[in-house]
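If you want the building blocks of each chain, they are given just below.
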Amino acid sequence: MSVTDSPAARLQALFEGHRLTPTQRRIAHSMVRRAADVPFLSSVELAELAGVSQPSVTRFAVALGFDGYPALRRHLREVTPAEPTADAGSANEYQQAVEAEIENLRHLAQALADPGPVRRAGRLLAASRPLLVLGLRAAAAQANGFAYFAAKVHSDVRLLGEGGTMLQDRIDAAVRAGASALLCFALPRHPREVVDTLHYARQAGLTVVTVADSAFAPVAKVSDLLLPAAVGTGLAFDTACAPMLLGRVLLEAMCDDLPQAQSRLEEFDAKAAARGLFVD
């Protein structure tokens, strides 16, 4: 199945062009995450899935141009002729969480069937010197991992991994040094400080590329190029395998636009061997 034929892609297309409230974006996000099941859910079940009220689901359907949720569900059954996902059966909660992450990775693979957005992002990141990488709270690990590997092939990577009033100062300094782009990792719960920082970065003239958990995340409105990768929500704390993998894909795309990437990696390996840096 191609990305344009997937249930998630059909839902994304349905939501495009509509001005949704934060509550409605939350419903849309939940529907995309459970795209195969949504045509079979009642309004009450969808409300529970999204953590909103049942009237909010009705208002959401009306905002999309339908008479109510039953009309929206009929439409979804027509355009997304899929069977509900198989019952987890005897799988325990840990196994279910792993299966959900596997499904998130499948959705990411479908999205990458069109490599255009990632390749565009790679060009933007490769061309920015210095390159800013932002990730706060839950997204700090994703940003730190990207910055660690990017520094092996990019001449000037600056990690913004801690919040505070210094963030804007560091953005100003990077812009003065010639920065043209900022890569942001944004995961729930979304800190207000991240949204404010991206708004400031765009005002400063930076192009903002964002890896977020959903195309309807709060950071979407302050991003020039948003690349969605869903998180898992089956455990007490969200799991972020898909955003991490998308970060590695972005690294690959950036390397494709850095002519000296391979030679820099070989130089690092030679120096690491001379220093006995690694035991393997």
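Residues numbered from 1 in each chain as written. Predicted model: local features only at pLDDT ≥ 70, side-chain atom pairs only at ≥ 80, totals over all residues. Heavy atoms only, no water.

Caption draft 1: Examining helix 5 (residues 69–79) more closely. All of the buried residues along helix 5 are Tyr69, Ala71, Leu72 and Leu76. Buried positions in helix 5, seen along its axis, are confined to an arc of 160° and lie on one side of it. Counted as exposed and oriented over 90 degrees from the buried face of helix 5: Arg74 and Glu78. Those residues of helix 5 that are buried are in contact with helix 1 (7–15), helix 2 (22–33), helix 3 (43–50) and helix 4 (54–63). (Buried < 20%, exposed > 50% of the residue type's maximum accessible area, 1.4 Å probe, protein only. Helix = DSSP H or I, 4+ residues; strand = E, 2+ residues; numbered from the N terminus. Arc of directions from axis to C-beta. Contact = heavy atoms within 4.5 Å.)

Caption draft 2: How the structure looks around the nonpolar core. The biggest cluster of nonpolar side chains holds 31 residues, and the ones touching the most others in it are Phe146, Leu183, Phe185, Leu227, Leu250 and Met254. Of all the secondary-structure elements, those providing two or more residues to this core are helix 7 (116–127), strand 1 (131–134), helix 8 (140–150), strand 3 (181–186), strand 4 (207–212), strand 5 (225–228) and helix 11 (241–256). Examining the composition of this core, we find that six residues originate from one element, helix 11, more than from any other. Residue contacts for methionine 254: discarding those within four places in its chain leaves Gly122, Leu125, Ala126, Leu131, Phe146, Ala150, Val153 and His154. Of all hydrophobic cores here, the second largest spans 26 residues; its members include Met31, Phe60, Leu64 and Ala71. (Core = buried A, V, L, I, M, F, W, Y, C linked by side-chain atoms within 4.5 Å.)

Caption draft 3: Quick peek at the side chain of glutamine 24. Locating glutamine 24 in the fold gives a position in helix 2. Residues within four places of glutamine 24 in sequence aside, it is in contact with Arg19, Arg59, Phe60 and Ala63.

Caption draft 4: View of the sheet that holds strand 5. Spatially, the five strands line up as an open sheet ordered 2-1-3-4-5, and their pairing is parallel. Strand pairing shows two members of the sheet lacking a second neighbour, strand 2 (157–160) and strand 5, which therefore form its edges. Each strand axis lies, on average, 15° off the axis of its neighbour in the sheet, ignoring direction. Here four bridges tie strand 1 to strand 2, and the two strands are oriented parallel to one another. Opposite leucine 132, over in strand 2, you have arginine 158 as the bridge partner. (Pairing = 2+ DSSP bridges. Axes fitted to C-alpha atoms, helices over the stretch in contact; angles between N-to-C directions.)

Caption draft 5: Spotlight on the pairing of strand 1. Here strand 1 shows a buried face lined by Leu131 and Val133 and a second buried face lined by Leu132 and Leu134. Handedness of the crossover joining strand 1 and strand 2 through helix 8 is recorded here as right-handed. Pairing of strand 1 with strand 3, which is carried by three bridges, proceeds in the parallel orientation. From the neighbouring strand, leucine 132 faces strand 3, where its bridge partner is leucine 182. (Right-handed = clockwise from strand over helix to strand, strands pointing away.)

Caption draft 6: The arrangement of the packing of aromatic side chains in detail. Inspection of the entire model under this criterion finds five aromatic pairs. Each ring, one from phenylalanine 15 and one from phenylalanine 216, has its centre 5.5 Å from the other, and the planes form 70°; the classification is edge-to-face. One end of the pair, phenylalanine 15, is in helix 1; the other, phenylalanine 216, is in the loop between strand 4 and strand 5, with 201 residues separating them in the sequence. Judged by its relative accessible area of 1%, phenylalanine 15 is buried. In textbook terms, an aromatic cluster arises when at least three aromatic residues are bridged by ring pairs, as seen for Phe15, Phe60 and Phe216. The ring of phenylalanine 268 has lysine 152 sitting right over it, with the charged end atom 3.6 Å from the ring centre. (Phe/Tyr/Trp six-rings, centres within 6.5 Å; stacked < 30°, edge-to-face > 60°. Lys NZ or Arg CZ within 6 Å of the ring centre and 35° of its normal.)

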